[in-house]
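A look at the structure
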Amino acid sequence: MSEEPELVPLARPVIGEAEEQAVLEVLRSGHLSLGPRLPAFEEAFAARVGARHASAVSSGTAGLHLALRAVGVEASPADAGTGPGPEVVTSPFSFIASSNAGLFERAVPVFVDVDPVTLNVPSAAVAAAVTDRTAALLPVHIFGIPAPTPQLEGLGVPIVEDACEALGAVHPDGVPVGGRGHPAVFAFYANKQMTTGEGGIVTVGDRATKDRLDSERNQGRAPGMAWLDHDRLGFNYRLSDLQCALGLAQLGRLDELLGGRERVAAAYAERLADLAERTGLALPATDADLAATEVAGARRSWFVYVVRLPRDLDRNATITELGRRGIQTRDYLPAIHLFSFYRERFGFREGQFPVAEDAARRGLALPLFPTMTEAQVDRVVAELTDVLTARR
Ligand SMILES: *Cc1c(COP(=O)(O)O)cnc(C)c1O
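All of these numbers come straight from a predicted model, not from anything done at the bench.

**Topic: the sheet that holds strand β5 (residues 161-162)**
Consider a sheet: its strands pair through backbone hydrogen bonds, and that pairing is either parallel or antiparallel. Taken together, the four strands give an open sheet; going across it, the order is β1-β7-β6-β5, and neighbouring strands pair in mixed fashion. Where the open sheet ends on each side, the last strands, each with one partner, are β1 (53-57) and β5. In terms of strand pairing, strand β6 (residues 184-187) meets strand β7 (residues 200-204) through four bridges, oriented antiparallel. Within β7, the residue paired with A184 across the bridge is T203. Contacts between helix α2 (residues 37-49) and the sheet are confined to β1, β6 and β7, with β1 contributing the most and set at about 125° to the helix. In the packing of helix α3 (residues 60-70) onto the sheet, the strands contacted are β1, β5, β6 and β7, and the crossing angle to β6 comes to about 165°.

In structure tokens:
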């Protein structure tokens with residue numbers, strides 16, 4: 001008789017009584033959207049990352065869209081359908097939403113290859129990619145490692161930070177990610193550092209930008225305007241009070257959630273060191289690795305634990321075999337420029353961004369969530385060790 005091994009999932013939200021109670025209170029209040037939880041959540045979140053203001057939105061993607069519009073990446077009705085749009089300089093090694101958000105406004109993505117250690121865009125490469133058509137820079141703090149944002153600020157081009165994987169991270173100059181003044185976008189899907197089920201938020205440093213974000217997420221209604229009055233194009237990118245209540249409860253235990261992830265990442269680093277040495281498995285950058293890059297002194301926030309498999313190993317077969325043994329893993333992440341519609345629309349091709357492509361080919365996300373036990377870490381390490389050494 002064979003017993004199915006208990007699954008170690010890739011991710012799992014931490015939801016307790018505080019979250020249940022918070023959502024229940026909103027349900028019972030009858031005020032399910034645009035109620036008191038919205039400003040309460042925005043203010044608490046802004047305070048947490050040291051930002052003046054924050055606008056909660058329905059997803060990270062919605063936040064990126066509104067943030068880009070707010071810094072001027074906006075398709076004007078006059079030139080709709082004619083000529084190429086403005087350029088946004090960004091990373092090909094990211095979740096597709098960071099690049100798609102510009103496409104919503106007919107922007108052209110200008111990718112630069114990433115740094116092999118941080119997997120973020122290097123500031124020198126971004127500087128070299130800036131032209132008079134560049135409308136914005138969109139650095140992504142991939143896997144929770146801060147991109148070289150202070151350096152990019154010297155280029156004189158508007159910046160939107162994709163901080164969707166980096167809540168809790170700190171820039172090298174001590175400013176928390178989200179607290180620099182230009183728009184920074186966070187996301188609250190169930191696998192992120194904190195969750196509202198679906199959701200996002202944009203932190204900003206000035207009231208005018210906050211007002212514009214608030215208006216555009218709510219059908220273009222200006223502050224103080226009547227419900228069916230609209231003075232600009234808008235969207236429905238609102239976050240409900242149910243979600244804001246959930247967000248407030250998660251924010252209240254954010255240190256515990258971040259600490260849990262950090263503990264698991266440290267356990268992996270320690271227990272996988274030997275295997276990495278023997279097999280050519282590449283582990284995520286350590287603080288010592290980061291110290292030799294242009295973001296030396298930055299503090300990362302652990303979002304995912306992505307290893308890069310040895311080059312000669314079949315990743316799909318590895319994922320399948322680990323899955324058979326009850327360990328959920330996945331390929332993470334595909335390079336954006338190689339998706340078929342990016343190739344077709346912009347003419348991207350293989351070989352253009354070799355560092356991003358290598359990371360995309362070899363990346364494997366291991367289970368990582370705050371409540372993961374030592375025993376679960378041990379199981380992942382044991383099965384991965386077995387799968388990687390069995391073939392040799
Ligand atoms: C999660 C994520 C997003 C988008 O967030 P959604 O809430 O799913 O829209 C954008 N960029 C990066 C890098 C992400 O990880």
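**Notes on the pattern of salt bridges**
Enumeration according to the criterion identifies 31 salt bridges in this entry. Among the salt bridges present, the one from R212 reaches E74, with a minimum N-O distance of 3.1 Å. Of this pair, R212 sits in helix α7 (residues 207-217) while E74 sits in the loop between α3 and β2 (87-90), and the two are 138 residues apart along the sequence. Take R212: its relative accessible area is 18%, and that puts it in the buried class. Classification of E74 as partly exposed rests on a relative accessible area of 36%. Across the salt bridge formed by E216 and R212, the nearest N and O atoms sit 3.1 Å from each other. Remark: R212 and E216 occur in helix α7; sequence separation between them is four residues, near one turn of the helix.

**A look at the pairing of strand β10 (residues 363-366)**
Along β10, one buried face is formed by G363 and A365 and the opposite face, lined by L364 and L366, is buried too. In this structure, strand β8 (residues 305-308) lies alongside β10, joined through four bridges in antiparallel fashion. Looking at β10, one finds that Y305 is bridged to L366. Across two bridges, strand β9 (residues 330-331) lies against β10 in antiparallel orientation. When the bridges of β10 are listed, R330 appears paired with A365.

**Some details on the sheet that holds β10**
Strand order in this open sheet of three strands is β8-β10-β9, and the pairing throughout is antiparallel. Edge positions in the open sheet fall to β8 and β9, since each of these has one partner strand only. Where helix α11 (residues 315-324) meets the sheet, it contacts β9 and β10, and its direction lies at approximately 15° from that of β10.

**Re a nonpolar patch on the surface**
A cluster of nonpolar side chains, contributed by L24, L27 and L32, occupies part of the molecular surface with about 230 Å² of accessible area. A relative accessible area of 47% places L27 in the partly exposed class.

**Describing the packing of aromatic side chains**
Within this structure, the stated rule accounts for 16 aromatic pairs. With a centroid separation of 5.8 Å and 40° between ring planes, the pair formed by Y342 and F346 is classed as tilted. Of this pair, Y342 and F346 are both found in helix α12 (residues 340-346), four residues apart, which corresponds to roughly one turn of the helix. By the ring-pair criterion, three or more aromatic residues cluster together here, those being F111, F341, Y342, F346, F348 and F353. Against the face of W302 rests R300, its NZ or CZ located 3.5 Å from the ring centre.

**Points about helix α9 (residues 254-279)**
For α9, which comprises 26 residues, the first-to-last C-alpha distance of 36 Å matches the rise-based estimate of 38 Å (1.5 Å per residue) to within 8%. Largest kink in α9: about 45°, centred on L272. Looking one or two residues past α9, G280 carries a phi angle of roughly 85°, positive in sign.

**Let's talk about the domain arrangement of the protein chain**
Splitting the protein chain by domain gives domain 1 (17-252) and domain 2 (254-390). Computed over C-alpha atoms only, the centres of domain 1 and domain 2 are separated by 25 Å. Counting residues at the interface gives 49 residues for domain 1, matched by 40 residues for domain 2. Carbon and sulfur atoms supply 66% of the area buried between domain 1 and domain 2, which totals about 3,500 Å² over both sides. Along the contact surface separating domain 1 from domain 2 lie one salt bridge. Two residues, D255 and R48, come together in a salt bridge whose shortest N-O distance is 2.9 Å. One can count 19 residue pairs in polar contact (both at pLDDT 80 or more) joining domain 1 with domain 2. Residue assignment for the side of domain 1 that touches domain 2 shows that the elements contributing at least two residues are α4 (97-103), β3 (108-111) and α8 (241-251).

Scoring rules and cut-offs
- Residues numbered from 1 in each chain as written.
- Predicted model: local features only at pLDDT ≥ 70, side-chain atom pairs only at ≥ 80, totals over all residues.
- Heavy atoms only, no water.
- Pairing = 2+ DSSP bridges.
- Helix = DSSP H or I, 4+ residues; strand = E, 2+ residues; numbered from the N terminus.
- Contact = heavy atoms within 4.5 Å.
- Axes fitted to C-alpha atoms, helices over the stretch in contact; angles between N-to-C directions.
- Salt bridge = Lys/Arg side-chain N within 4 Å of Asp/Glu carboxyl O.
- Buried < 20%, exposed > 50% of the residue type's maximum accessible area, 1.4 Å probe, protein only.
- Patch = residues over 30% accessible without salt bridge, like charges linked within 9 Å, V, L, I, M, F, W, Y side chains within 5 Å.
- Areas by Shrake-Rupley, 256 points an atom, 1.4 Å probe, with all protein chains shown as cover.
- Phe/Tyr/Trp six-rings, centres within 6.5 Å; stacked < 30°, edge-to-face > 60°.
- Lys NZ or Arg CZ within 6 Å of the ring centre and 35° of its normal.
- Expected span 1.5 Å × (residues − 1).
- Bend = angle between axes of the 7 residues up to and from the residue.
- Domains from an automatic or database assignment.
- Buried area = accessible area lost by both parts, 1.4 Å probe.
- Polar contact = N/O pair within 3.5 Å; in protein donor to acceptor, adjacent residues only side chain to side chain.

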